[in-house]
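Observations on the model geometry
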Amino acid sequence: MINKGDKAVCVLCSGTVVCKTSSVKRHFETNHRSFCEKSEPEQKELIASAIKDRTKQSTSMFKYVSKNCHTSAASYSAANAIARHVTTDGVPNKVGKKSGFISLFKTDVGHSILECHCIIHQQALCAKSGLTSFDNVISLVTKIVNLISSQALNKRKFDALLDEVNSVYNGLIMYNNVRWLNVLQRFVDCLEEIRLFLQNESKIEQYPQLMDIMWLLKLMFLQTYANISMKWT
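The rules behind each value
- Residues numbered from 1 in each chain as written.
- Predicted model: local features only at pLDDT ≥ 70, side-chain atom pairs only at ≥ 80, totals over all residues.
- Heavy atoms only, no water.
- Helix = DSSP H or I, 4+ residues; strand = E, 2+ residues; numbered from the N terminus.
- Contact = heavy atoms within 4.5 Å.
- Areas by Shrake-Rupley, 256 points an atom, 1.4 Å probe, with all protein chains shown as cover.
- Salt bridge = Lys/Arg side-chain N within 4 Å of Asp/Glu carboxyl O.
- Buried < 20%, exposed > 50% of the residue type's maximum accessible area, 1.4 Å probe, protein only.
- Lys, Arg positive; Asp, Glu negative; His and termini not counted.
- Axes fitted to C-alpha atoms, helices over the stretch in contact; angles between N-to-C directions.
- Parallel < 35°, antiparallel > 145°, perpendicular 65-115°, else oblique.
- Patch = residues over 30% accessible without salt bridge, like charges linked within 9 Å, V, L, I, M, F, W, Y side chains within 5 Å.
- Phe/Tyr/Trp six-rings, centres within 6.5 Å; stacked < 30°, edge-to-face > 60°.
- Nonpolar A, V, L, I, M, F, W, Y, C, P; charged D, E, K, R; others polar.

Concerning the overall build of the protein
- Helices and strands together make up the secondary structure of the protein, namely 11 helices and 5 strands.
- Expressed as a percentage of contacts within the protein between residues at least 6 apart in sequence, the contacts between residues at least 24 apart total 56%.
- Of the accessible surface of the protein, which amounts to about 15500 Å², a share of 56% is contributed by carbon and sulfur atoms.

Focus: the pattern of salt bridges
- Taken as a whole and judged by the stated rule, the model has 3 salt bridges.
- Measuring nitrogen to oxygen at the nearest pair gives 3.4 Å for the salt bridge that ties E201 to K157. Here E201, found in the loop between α10 (191-200) and α11 (213-232), pairs with K157, found in helix α8 (residues 152-164); they are 44 residues apart in sequence, far enough to count as distant.

Notes on the side chain of R186
- On the secondary structure map, R186 appears in helix α9 (residues 180-189).
- Notably, R186 is buried but unbridged: the nearest opposite-charge side chain belongs to D189, and the N-O separation is 5.7 Å.
- Those residues in contact with R186, other than ones at most four positions away along the chain, are Y169, G171, L172 and I173.

Some details on the packing of helix α7 (residues 135-149) against α8
- Viewed as axis vectors pointing N to C, α7 and α8 meet at an angle of 95°, and their least axial separation amounts to 6 Å. For the element pair α7 / α8, the angle class is roughly perpendicular. Here L147, I148 and S149 of α7 come into contact with α8, specifically with N154, K155 and F158.

Things to note about a nonpolar patch on the surface
- A cluster of nonpolar side chains, contributed by I213, M214 and L217, occupies part of the molecular surface with about 330 Å² of accessible area.
- According to the relative accessible area criterion, M214 is exposed, its value standing at 53%.

What to know about the environment of L222
- You can see L222 is positioned in helix α11.
- Separated by 88 residues in the primary sequence, L222 and F134 place their C-alpha atoms 7.3 Å from one another.

Observations regarding the packing of aromatic side chains
- The final tally for this structure, using the stated rule, is 1 aromatic pair.
- Considering the side-chain rings of F158 and F197, the 5.7 Å spacing of their centres and the 85° angle between planes classify their relative orientation as edge-to-face. With a gap of 39 residues between them, F158 in helix α8 and F197 in helix α10 connect regions that are remote in the sequence.
- By relative accessible area, F197 is classed as buried at 4%.

So, the packing of α7 against α9
- One way to put it is that α7 packs onto α9 with a least axis distance of 11 Å and a crossing angle of 75°. Viewed along their axes, α7 and α9 adopt a mutual orientation that is roughly perpendicular. Taken together, the residues of α9 that come into contact with α7 (itself represented by V141, I144 and V145) are V183, L184 and F187.
- For the contact of α7 with α9, a count of residues per class yields 6 nonpolar, no polar and no charged.

Shape descriptors only; they carry no functional weight alone.
Here is the structure:
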């Protein structure tokens, strides 16, 4: 046993027991019965071997951790030295003049940084700009998504419904200008579950568009057009 405060660690199995003679004895009799049946010289030999192995493992782990810590530090130093370009999504905590990431990063690395806005975000916004004629479709999708996802009870019920039908999704995505395509895609993929949920909640009559063939065609066209736009912008 190796003492660690008010506990003892067994060198044979790494189990912990209270530092009491009775507890230690019970541990060996219960978990290491074959060890107790050996002669005293054999027991000493086994304990010495176990301690040696434990020390070797600890040393190896220490070397591994030390090496990786040095590697991480060296990698960070190298990144600081060569960093010239940072891409962000434009949020204040990234581009803020005083406490934004880029400002703090410039101070840390000691040289100027080329700032770029994420091209994926620009693609999403660009694709959306050509779809103003489908605003009524997007607005209804947003309204339904907010109804389900922004209210805790509705969200739990809908998530449970998705789980019940073995859906690959665990919920809808809240709408925003950048992620609107993801929101639309998830809405289309979960359309049947959304209808079922609204029907169970006696709210399907409030959204007749979900049963309107023309509106659904617009929804599917919007999704297809948006996907193509994202690929070619």
